[in-house]
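Below, each chain spelled out in residue letters.
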Amino acid sequence: MLPGGLRGRALAALAALALLGGLGAGAANGERTQHGELIVALDGGLSPLKLPRDRPAPVSMHLEGGLKTADGGLLPQVTAIELELPGQGVLSTQGLPTCSPRQLRDTTSAKARETCGEALVGSGTLEADVLLLNQNPFKIQADLLAFNGRVRGRRAVILHASAAKPPIVVVVPLLIEHRSGSFETALVGELSPTLGPWPHFAHFEMTLSRRYAYRGRERSYLSASCPIPRRFTAGFFSFAKATFSLADGREVSTTIARGCRAR
Amino acid sequence: MQASKRKSRCRGWIAAIVTSAALLPAGAASAAEAPTRAEYVTQLESLCKPDAAATRVAMKGARADIRRERLAAAAEKFAAASSIFAGTVKEISAVARPSADEAKLTKWFGYLGAQESYLRRITAQLRADHAIPAQRLTARFIHNGNLANNTVLAFGFDYCSFKFSRYG
């Protein structure tokens, strides 16, 4: 499935494995869990919702979530992020150009698109709390871009966050890992302490979607199916899990379930 | 008259002491029975933990059963999960609640009651080989579970919270 790698193999991403069910459940405001004063939120879904039962079809995936404190206190420093995705979908990068973190360093969003536009697989926004000595904390908003890439020989999603005020650019590679269980694909990224204010991030939203042509065939970065029996019209599946590792050693996470309709 | 007054006062004291003696243990017990939120969460989690694990075991393979249209086999797994859930709710209902959280917990137990009912009804529909009604009830079961979780978000439950992944 990777260029030159796991070609043709269905990778995990989204797709719909079904328990039973209709849709709409739980999708309204996302799911939250609380760990002490810290609240972790995650929301998201696939588009379109109607998918073939027996073969993957191109989809886009929206994910949003973040951290907040119940008492309005300062957000803790995040040292690593893990986004887990279910294993019944396909994440295809065959024939898709790649971009390296080095190409994206110190670039604005416009420049990053110009340099690595062919490898672009998603976009969104990122919000973080900035903590500076002798100053009140303030929020910063950044444009978020996601590129197909390879890091240390492994497939990756390279996140590029760029804010105008103050001007900050951060590049975080999320390595793609394969696992067993409900979530067979994980995007794993470590946030270096040298990233300064960024690890205190509050919220992200991102849509992953890319259609491209390779060897004369239309392809999609993400594909999914709704593999439910004929007698059912809809199904539920574990859609995503977000885990944040914190500087104090804690790990906090939340999981969301979503549905699909068969067409 | 004075002697009678003294006698009556004395009787009053005795009555008061007897009453206090009778009430004291009850008062002490009620103070002991009203745990803090942290104590309550710890106690409930210890009760929910084994049942959460048992639910996972009971529901193992239910997803595959549904995919292969073995609704009767899935129904028996839902029946087992339903029975475990009912047992858990019964157990945790009996635990004294923090007085400040009474209203919130009453609401939560309302959602848990609905969850119990959904599980029973899903089981019945699967047994009757009614796919679409079972599908609709499952949607409500998941939605209701999320509402239950939101009600007690601040408690930070893990094993006592609704998790879709436990059900196959």
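Residues numbered from 1 in each chain as written. Chains lettered and ligands numbered in written order. Predicted model: local features only at pLDDT ≥ 70, side-chain atom pairs only at ≥ 80, totals over all residues.

Peer 1: Which residues make up the overall build of chain B, and what are the values?
Peer 2: The helix and strand tally for chain B stands at six helices and zero strands. Starting at the N terminus and ending at the C terminus, chain B contains elements arranged as α-α-α-α-α-α. The burial tally for chain B puts 32% of its 168 residues in the buried class. Intrachain contacts of chain B at a sequence separation of at least 6 include 71% that bridge at least 24 residues. (Helix = DSSP H or I, 4+ residues; strand = E, 2+ residues; numbered from the N terminus. Buried ≥ 20, exposed ≤ 12 C-beta atoms within 10 Å, placed from the backbone. Contact = placed C-beta atoms within 7 Å.)

Peer 1: Lay out the overall build of chain A in plain terms, naming residues and giving numbers.
Peer 2: Each helix and strand counted, chain A has two helices and 18 strands in total. Taking all 263 residues of chain A together, 47% fall into the buried category. Within chain A, contacts between residues at least 6 apart in sequence are counted, and of these 71% link residues at least 24 apart.

Peer 1: Can you lay out the interface of chain A and chain B for me, pointing to particular residues and giving the numbers?
Peer 2: In this assembly, 27 residues from chain A lie in contact with 23 residues from chain B. Among the elements of the structure, strand 1 (31-35), strand 17 (234-246) and strand 18 (251-262) of chain A are those that each provide at least two residues to the side of chain A that touches chain B. Here the side of chain A that touches chain B gets four residues from one element, more than from any other, and that element is strand 1 of chain A. For the side of chain A that touches chain B, the residue count by class is 13 nonpolar, 11 polar and three charged. (Nonpolar A, V, L, I, M, F, W, Y, C, P; charged D, E, K, R; others polar.)

Peer 1: Report on unusual backbone geometry, specifying residues and quantitative values.
Peer 2: As a rule of thumb, non-glycine residues mostly have phi less than zero, and peptide bonds are mostly trans rather than cis. Cis geometry marks the peptide bond from Ser47 of chain A to Pro48 of chain A, where omega comes out at 0°. Relative to the helices and strands, Pro48 of chain A is located in the loop between strand 2 (38-47) and strand 3 (50-51). Cis rather than trans, the peptide bond between Lys165 of chain A and Pro166 of chain A has omega equal to -10°. Positive phi, close to 50°, is recorded for Arg152 of chain A, a residue that is not glycine. Within the fold, Arg152 of chain A resides in the loop between strand 9 (138-151) and strand 10 (154-163). Given 7 C-beta atoms within 10 Å, Arg152 of chain A falls into the exposed group. The phi dihedral of Glu69 of chain B falls on the positive side, at around 60°, and the residue is not glycine.

Peer 1: Go over the confidence of the model for chain B with me, naming the residues and quoting the values.
Peer 2: All names here are of chain B. Per-residue confidence for chain B averages 86 on the pLDDT scale, and 80% of its residues sit at or above 70. Helix 1 (residues 2-33) is the least confidently modelled element of chain B, averaging 44 in pLDDT, while helix 5 (residues 102-127) averages 98, the highest of any element. In the predicted structure, residues 1-5 sits below a pLDDT of 50 and forms zero contacts with residues beyond four places in sequence or in another chain. (pLDDT = per-residue confidence, 0-100.)

Peer 1: Could you give an account of the environment of Gln103 of chain A, with specific residues and numbers?
Peer 2: Residue and element names in this part refer to chain A. Within the secondary structure, Gln103 sits in helix 1 (residues 101-104). On the neighbour-count criterion, Gln103 (18 C-beta atoms within 10 Å) is partly exposed. Each C-alpha atom of the pair Gln103 and Thr93 lies 19 Å from the other, and the pair is 10 residues apart in sequence. Excluding its chain neighbours within four sequence positions, the residues that come into contact with Gln103 are Thr115 and Cys116.

Peer 1: Outline the sheet that holds strand 4 (residues 57-58) of chain A, listing residues and values.
Peer 2: Taking strand neighbours across the sheet as the criterion, the three strands line up as 4-16-7 (chain A) in an open arrangement whose pairing is antiparallel. The sheet is open, and its two edges are formed by strand 4 and strand 7 (90-91) of chain A, each paired on a single side. (Pairing = 2+ DSSP bridges.)

Peer 1: I'd love a proper account of the packing of helix 2 (residues 37-59) of chain B against helix 4 (residues 71-93) of chain B, names of residues and values included.
Peer 2: All names here are of chain B. One way to put it is that helix 2 packs onto helix 4 with a least axis distance of 9 Å and a crossing angle of 175°. Relative to helix 4, the element helix 2 lies roughly antiparallel. Facing helix 2, whose interface residues are Leu44, Leu47, Cys48, Asp51, Ala54, Thr55, Ala58 and Met59, helix 4 presents Lys77, Ala80, Ala81, Ile84, Gly87, Thr88, Glu91 and Ile92. The residue makeup of the contact of helix 2 with helix 4, split by class, is 10 nonpolar, three polar and three charged. (Axes fitted to C-alpha atoms, helices over the stretch in contact; angles between N-to-C directions. Parallel < 35°, antiparallel > 145°, perpendicular 65-115°, else oblique.)

Peer 1: Go over the packing of helix 4 of chain B against helix 5 of chain B with me, naming the residues and quoting the values.
Peer 2: Residues and elements named next belong to chain B. Between helix 4 and helix 5, whose axes approach to 8 Å, the crossing angle comes to 160°. The orientation of helix 4 with respect to helix 5, classified from their angle, is roughly antiparallel. Note that helix 4 runs across helix 5; the crossing there is left-handed. Contacts from Leu71, Ala72, Ala74, Ala75, Phe78, Ala79, Ala81, Ser82, Phe85, Ala86, Val89 and Ser93 of helix 4 reach helix 5 at Phe109, Leu112, Gln115, Glu116, Leu119, Arg120, Ile122, Thr123, Leu126 and Arg127. Taken together, the residues of the contact of helix 4 with helix 5 break down into 15 nonpolar, four polar and three charged. (Left-handed = near helix turned anticlockwise from the far one by under 90°.)

Peer 1: Outline the environment of Arg113 of chain A, supporting the account with residue identities and numerical values.
Peer 2: Residues and elements named next belong to chain A. Its place among the elements puts Arg113 in helix 2 (residues 109-116). Looking at Arg113, the number of C-beta atoms within 10 Å reads 17, which means it is partly exposed. Non-local contacts of Arg113, meaning those with residues more than four positions away in its chain, are made with Leu120 and Leu145.

Peer 1: Hey, could you go over the confidence of the model for chain A for me, with residue numbers and the actual values?
Peer 2: Looking at chain A as a whole, its pLDDT mean stands at 84, while 87% of the residues score no less than 70. This model gives residues 1-28 of chain A a pLDDT under 50, and the stretch forms 115 contacts once residues within four places in sequence are excluded.

Peer 1: Give a description of the nonpolar core that names residues and reports values.
Peer 2: With 89 residues, the main nonpolar core has Phe147 and Val157 of chain A as its most contacted residues. Leaving out residues up to four positions away in the same chain, Val157 of chain A has contacts with Val121, Ala146, Leu174, Ile176 and Leu187 of chain A. Counting residues in each nonpolar core, the second largest holds seven residues, with Trp108, Ala148, Phe155 and Phe162 of chain B among its members. (Core = buried A, V, L, I, M, F, W, Y, C linked by C-beta atoms within 7 Å.)

Peer 1: Can you explain the pairing of strand 14 (residues 211-214) of chain A? Please cite residues and give values.
Peer 2: All names here are of chain A. Two strands pair when backbone bridges link them, and strand 14 and strand 15 (residues 217-220) are joined in this way by four bridges, in the antiparallel orientation. Note on strand 15: the bridge partner recorded for Tyr212 is Arg219. In textbook terms, the turn of a hairpin is the stretch between consecutive antiparallel strands, and for strand 14 and strand 15 this stretch comprises two residues, one of which, Arg215, has a positive phi near 50°.

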